[in-house]
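One-letter residues, chain by chain:
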Amino acid sequence: MNSNITYAGIPEEYSKLDNAKIVLIPVPYDGTSTWQKGADQGPKAFLDASENMELYDIETETEVYKQGIYLADAVTENSSPEKMVDAVHQTVKKYITRNKFVTAFGGEHSISIGTIRAFNECFDNLTVLQIDAHADLRKEYQGSKCNHACAVYEASQTTNLIQVGIRSMDVIETTVMDRDKTYFAHDMVNDEFWMDSAVDQMTENVFITIDLDAFDPSIMPSTGTPEPGGLLWYETLDFLRKVFAEKNVVGFDIVELCPDPSEKSSDFLAAKLYYKMLSYKFLDDNVEDGYESTFNEAASSTNKFSKFDNDDDN
C-alpha cells in the first residue's frame, strides 16, 4: 500500500504491518453482480468515509486504532470469479498465518467464498455467521460456483453456518438451507430471544460475513440489491456486541456497499460498522499486549473440507 495512505488517516505509527494487530484487505470486485453495479467502488467509498470518522468510540470508551490497523494492498484480480476467489483466499490466509486479526472489505459477496475458505482452513470447528438479506446458497449461478449468489454455499457444506436477517431467496435454496439455523427477518421481528438462540448455536470460533443489504434500505440504501424489512442500527450492534463478548470472533468481512455520490450516509454507516466491530473485538485488550491468534498451524497447511456436527463442539 502507498506508505502515505493509512486506514482512516491514522498516524503511521499505528499503521505498520509489523506492529499492527489488525489487517484490512480491500477487495474492489464487482464481476458477478446481477442488478446494480458499483460494488467495486465500495472499498474506496468506505475508506474515504473512514477518514472523516471520529476515532474515539463513545460506547466502549476506546480508541481501537491504537491496536494497530494495517491497510493491505487491494486484491485486484478480476480475470475470472474463480481466480478472484483464489487470490482472496491466498491473501487472507497469508495474513492469518502472520498472527493478525484479518478483515476484508468488498466488493460484492462472492469475495467471501475466498475469505471463508481461508478461515475454515486455519481455525478448528468454525462457525460462519452470515448477516444478510439474501440466502446466497446456490451451488452454481450463471455458470460459476463463485457467483455472489453462491457466497455461502461452500460454507453451508464445510462449516457451522448461521444465517441472520434473511428475507429473499430462490426456492432451490430451501433444499440446502438449515432452517434451524436460519433467522428470517419476518420471524425476528416477533422473537425477543433470537439473539440468544443464534449465539447458543455457535461454536467457539466465529467468522462474521456482513452483506450491507442486511440493513433496512431506510438506513442503507446504497447497496446492490436493497430489500425492505431489514435490520436497524442498534439491534445489529446489540447482536454483534453479544457475539464478540461470548465467542472468539476470528475475523470478519463486510461487502456490497454500492456507493451513490449523492448519498454519503451509507458509506459512513459502513465505516462506522467496521470500526465498531473492531472496538468490540479489542474491548478488553491493552494496546501494549500482543495479539495471539488461535489459528491451528497444522490445519492451515491443508485443505479442510469436512463439515462437523457442532452439537459435539459447543
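Heads up: the structure comes first, above all this text.
Caption draft 1: Helix H1 (residues 42–50), seen in detail. A large share of H1 lies buried, amounting to seven of its nine residues. Listed as buried for H1 are Gly42, Pro43, Ala45, Phe46, Leu47, Ala49 and Ser50. Against the buried residues of H1 lie strand S1 (22–27), strand S2 (69–71), strand S3 (101–106) and helix H8 (265–281).

Caption draft 2: Structural detail: the packing of helix H7 (residues 233–246) against H8. Across the interface, H7 lies against H8 with an axial gap of 9 Å and an inter-helix angle of 25°. The orientation of H7 with respect to H8, classified from their angle, is roughly parallel. At the point where H7 passes H8, the crossing takes the right-handed sense. Residue-level contacts link Trp233, Leu237, Leu240, Arg241 and Phe244 of H7 to Leu269, Lys272, Leu273, Lys276, Met277, Tyr280 and Lys281 of H8. Looking at the contact of H7 with H8, its residues break down into eight nonpolar, no polar and four charged.

Caption draft 3: Spatial organisation of the pattern of salt bridges. Counted by the stated rule, this structure contains eleven salt bridges. Of the charged contacts, one joins Asp57 and Lys276 as a salt bridge, the two residues approaching to 2.9 Å between their closest N and O atoms. Here the residue Asp57 occupies a position in the loop between H1 and S2, and Lys276 occupies one in helix H8, the gap between them amounting to 219 residues. Grouping residues by exposure puts Asp57 and Lys276 together as buried.

Caption draft 4: Broad picture of unusual backbone geometry. Here the amide bond leading from Gly106 into Gly107 is cis, since omega sits at 25°, within 30 degrees of zero. Following the sequence through the fold, Gly107 ends up in the loop between S3 and helix H3 (111–122). Positive phi is not limited to glycine here, since Ala8 has a value of about 60°. Examined against the element boundaries, Ala8 turns out to sit in the segment before S1. Of note, the phi angle at Gln142 is positive, near 50°, even though the residue is not glycine.

Caption draft 5: Region of the structure containing the sheet that holds strand S5 (residues 160–166). The eight strands lie next to each other as S2-S1-S3-S8-S7-S4-S5-S6, forming an open sheet whose pairing is parallel. The sheet terminates laterally at S2 and strand S6 (182–184), the two strands that pair on one side only. Between one strand and the next, the sheet's axes are offset by a mean angle of 15°, whatever the strand orientation. Two elements, strand S4 (residues 126–131) and S5, share five bridges in a ladder whose sense is parallel. For Ile131, the partnering residue across the bridge sits in S5 and is Val164. Contacts between H8 and the sheet are confined to S1, S2, S3, strand S7 (205–211) and strand S8 (248–255), with S8 contributing the most and set at about 175° to the helix.

Caption draft 6: The nonpolar core, seen in detail. If you look at the biggest cluster of nonpolar residues, it comprises 58 residues, and the most contacted ones within it are Tyr7, Ile208 and Phe239. Among the elements that make up this core, the one with the highest residue count is H8 (nine residues). Among residues more than four places away in sequence, those in contact with Tyr7 are Leu24, Phe46, Leu47, Ser50, Met53, Ile69, Leu71, Tyr274 and Tyr275. Counting 39 residues, the second largest nonpolar core, distinct from the first, contains Val27, Tyr95, Ile116 and Cys122.

Caption draft 7: Molecular detail of the environment of Lys94. Looking at where Lys94 falls in the secondary structure, it is placed in helix H2 (residues 81–96). As for Lys94 and Ile116, which are separated by 22 residues in sequence, their C-alpha atoms are 14 Å apart.

Caption draft 8: Expanded view of H8. The end-to-end C-alpha distance of H8, which contains 17 residues, comes to 24 Å, matching closely the 24 Å that a straight helix rising 1.5 Å per residue would cover. Among the 17 residues that make up H8, 14 are buried, leaving the element largely enclosed by the rest of the structure.

Caption draft 9: Spatial organisation of the packing of H2 against H3. It is at 7 Å that the axes of H2 and H3 come closest, and there the two elements cross at 40°. When the axes of H2 and H3 are compared, the pair comes out oblique. Where H2 crosses over H3, the two elements pack in a sense that is right-handed. Residue-level inspection shows Met84, Val85, Val88, His89, Val92, Lys93 and Ile96 of H2 in contact with H3, the latter providing Ile111, Ile113, Gly114, Thr115, Arg117, Ala118, Phe119, Glu121 and Cys122. For the contact of H2 with H3, the per-class residue count stands at ten nonpolar, three polar and three charged.

What counts and what doesn't
Residues numbered from 1 in each chain as written. Predicted model: local features only at pLDDT ≥ 70, side-chain atom pairs only at ≥ 80, totals over all residues. Heavy atoms only, no water. Buried < 20%, exposed > 50% of the residue type's maximum accessible area, 1.4 Å probe, protein only. Helix = DSSP H or I, 4+ residues; strand = E, 2+ residues; numbered from the N terminus. Contact = heavy atoms within 4.5 Å. Axes fitted to C-alpha atoms, helices over the stretch in contact; angles between N-to-C directions. Parallel < 35°, antiparallel > 145°, perpendicular 65-115°, else oblique. Left-handed = near helix turned anticlockwise from the far one by under 90°. Nonpolar A, V, L, I, M, F, W, Y, C, P; charged D, E, K, R; others polar. Salt bridge = Lys/Arg side-chain N within 4 Å of Asp/Glu carboxyl O. Pairing = 2+ DSSP bridges. Core = buried A, V, L, I, M, F, W, Y, C linked by side-chain atoms within 4.5 Å. Expected span 1.5 Å × (residues − 1).

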